[in-house]
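Chain residues, written in single-letter form:
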Amino acid sequence: MQIVVLDGFCVNPGDVDWSPLKKLGTLSVYDRTHPDMVAQRLRGAEAAFVNKVKLDRALLQNARNLKFIGVLATGYDVVDVATARERGITVTNVPAYSTEAVAQHAIALLLALCQHAEYHSALIRQGAWTAQPDFSWWEIAPVLLYGKTIGIVGCGRIGTRVAKIADALGMRVLGCSPHKHEDFPGEFVSLDTLLKESDVISLHCPAKADTVGLIRKDTIAKMKDGAILINTARGSLISESDVKDALTSGKLACYGTDVASEEPIKLRNPLMSAPNCIITSHYAWSPKPMRQKLIDVSAANLTAFLNGTPQNTVN
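Notes on the structure in this doc start here.

Cut-offs applied
- Residues numbered from 1 in each chain as written.
- Predicted model: local features only at pLDDT ≥ 70, side-chain atom pairs only at ≥ 80, totals over all residues.
- Heavy atoms only, no water.
- Helix = DSSP H or I, 4+ residues; strand = E, 2+ residues; numbered from the N terminus.
- Contact = heavy atoms within 4.5 Å.
- Areas by Shrake-Rupley, 256 points an atom, 1.4 Å probe, with all protein chains shown as cover.
- Buried < 20%, exposed > 50% of the residue type's maximum accessible area, 1.4 Å probe, protein only.
- Core = buried A, V, L, I, M, F, W, Y, C linked by side-chain atoms within 4.5 Å.
- Patch = residues over 30% accessible without salt bridge, like charges linked within 9 Å, V, L, I, M, F, W, Y side chains within 5 Å.
- Salt bridge = Lys/Arg side-chain N within 4 Å of Asp/Glu carboxyl O.
- Axes fitted to C-alpha atoms, helices over the stretch in contact; angles between N-to-C directions.
- Parallel < 35°, antiparallel > 145°, perpendicular 65-115°, else oblique.
- Left-handed = near helix turned anticlockwise from the far one by under 90°.
- Nonpolar A, V, L, I, M, F, W, Y, C, P; charged D, E, K, R; others polar.

Section: the overall build of the protein
When its secondary structure is counted, the protein shows 11 helices and 12 strands. Each principal axis of the C-alpha atoms in the protein carries an extent, and together these give about 70 × 45 × 35 Å. Long-range contacts, defined as pairs at least 24 residues apart, comprise 61% of the intrachain contacts of the protein with a sequence gap of at least 6. Carbon and sulfur atoms provide 52% of the accessible area of the protein, an area that totals close to 15700 Å².

Encoded structure:
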């Protein structure tokens with residue numbers, strides 16, 4: 001079987017192992033594939049793996065040998081699944097591979113915003129603490145999370161894991177979600193109630209018609225003054241200009257995000273000049289064990305397909 005990986009670098013920059021896929025056929029791995037090169041690299045391939053490379057209708061119609069597409073991620077919007085279905089191409093993904101990692105990152109962003117540890121460390125290295133007459137010194141006091149309310153928007157596996165960590169920190173947990181995870185440790189409420197009562201709001205929902213632009217001027221107005229916003233889901237869930245305005249005015253105390261509306265983030269993005277904003281580069285999912293799991297499960301998906309028992313199919 002001819003197998004091609006079109007954009008393998010982010011999954012494997014060299015520290016994890018492609019051998020589970022190599023065992024299944026002749027494997028060609030490309031770190032990146034420019035859109036102009038996708039058709040050429042699909043030529044002859046029977047199985048293709050993609051992360052962010054888009055496979056649209058025209059590409060799928062012309063990939064005559066293609067029988068299987070494996071998305072090296074959970075989200076599969078990069079593939080025209082309707083056309084794949086028409087062509088008889090099986091499409092699979094890797095669900096829930098990074099739950100613990102993304103939840104950890106969400107809490108890391110929250111703690112970074114509340115503790116100001118890196119900020120104070122930089123000042124201390126410049127002599128700020130040394131110059132003080134007292135044993136204890138701070139420029140910005142930490143925010144105590146114990147007793148505060150966190151609102152989780154999207155209560156699937158990741159949202160539930162974040163909720164459990166917040167519960168362990170002594171926070172009151174609210175959740176808003178069309179699907180209620182049975183292990184969610186908090187109270188389910190309406191979105192309006194969650195916005196009104198939460199000191200911290202953490203986004204864990206997919207980007208769909210009813211969630212794109214969910215956090216915007218009118219929904220921010222419903223929040224508590226000085227609320228903290230965390231986003232490890234999708235950049236399109238928020239209006240970045242509205243969030244910047246709310247940070248500038250103080251309506252939002254701070255914003256921590258691992259995602260942006262365009263990735264890599266553009267220098268013109270409003271968040272790049274927003275105060276009290278921490279931005280990380282969409283790497284919450286990327287601890288080494290998570291990336292090896294992506295490859296292992298993807299290989300298992302292809303094996304199951306070859307055995308006539310496909311798993312993790314999305315079409």
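On we go from here.
Here's the deal with the side chain of serine 98
Within the fold, serine 98 resides in the loop between β5 (90–92) and α5 (99–115). Using a relative accessible area of 8% as the deciding quantity, one classes serine 98 as buried. Those residues within four positions of serine 98 in sequence are excluded, and the remaining contacts are Trp285 and Met290.

Remarks on the nonpolar core
Among the nonpolar cores identified, the biggest contains 26 residues, and Ile215, Val243 and Leu252 are the most heavily contacted of them. Where this core is concerned, the elements lending two or more residues are β7 (172–176), α8 (191–197), β9 (200–203), β10 (227–231), α10 (240–249) and β11 (252–257).

What about a nonpolar patch on the surface?
On the surface, a cluster of nonpolar side chains totalling about 310 Å² of accessible area is made up of Leu267, Met272 and Ile279. Locating leucine 267 in the fold gives a position in the loop between β11 and β12 (277–279). When its relative accessible area of 76% is taken as the criterion, leucine 267 is described as exposed.

Here we look at the packing of α5 against helix α7 (residues 157–168)
Put simply, α5 and α7 touch, their axes get as near as 9 Å, and they point 50 degrees apart. The angle between α5 and α7 falls in the class oblique. The two elements α5 and α7 meet at a crossing, and its hand is right-handed. Facing α5, whose interface residues are Thr99, Val102, Ala103, Ala106 and Ile107, α7 presents Arg157, Ile158, Arg161, Val162 and Ile165. Tallied by class, residues from the contact of α5 with α7 come to seven nonpolar, one polar and two charged.

Brief notes about the pattern of salt bridges
Side chains that differ in charge, positive against negative, can pair when their charged atoms come close. Using the criterion set out here, one finds 10 salt bridges in the structure. For aspartate 15, the salt bridge identified is with arginine 291, shortest N-O distance 2.7 Å. Here arginine 291 lies in helix α11 (residues 288–306) and aspartate 15 lies in the loop between β1 (2–5) and α1 (19–22), a separation of 276 residues in the sequence. With a closest N to O distance of 2.7 Å, aspartate 218 and arginine 216 form a salt bridge. If you follow the salt bridges from partner to partner, you end up with Arg172, Glu187 and Glu197 in one network.

Some words on unusual backbone geometry
Omega for the bond connecting glutamate 263 with proline 264 falls within 30 degrees of zero, at 0 degrees, which places this linkage in the cis form. With respect to the element layout, proline 264 can be found in the loop between β11 and β12. Residues other than glycine seldom take positive phi values, yet alanine 96 does so here, at roughly 60 degrees. Position of alanine 96 among the secondary structure elements: in the loop between β5 and α5. By relative accessible area, alanine 96 is classed as partly exposed at 23%.

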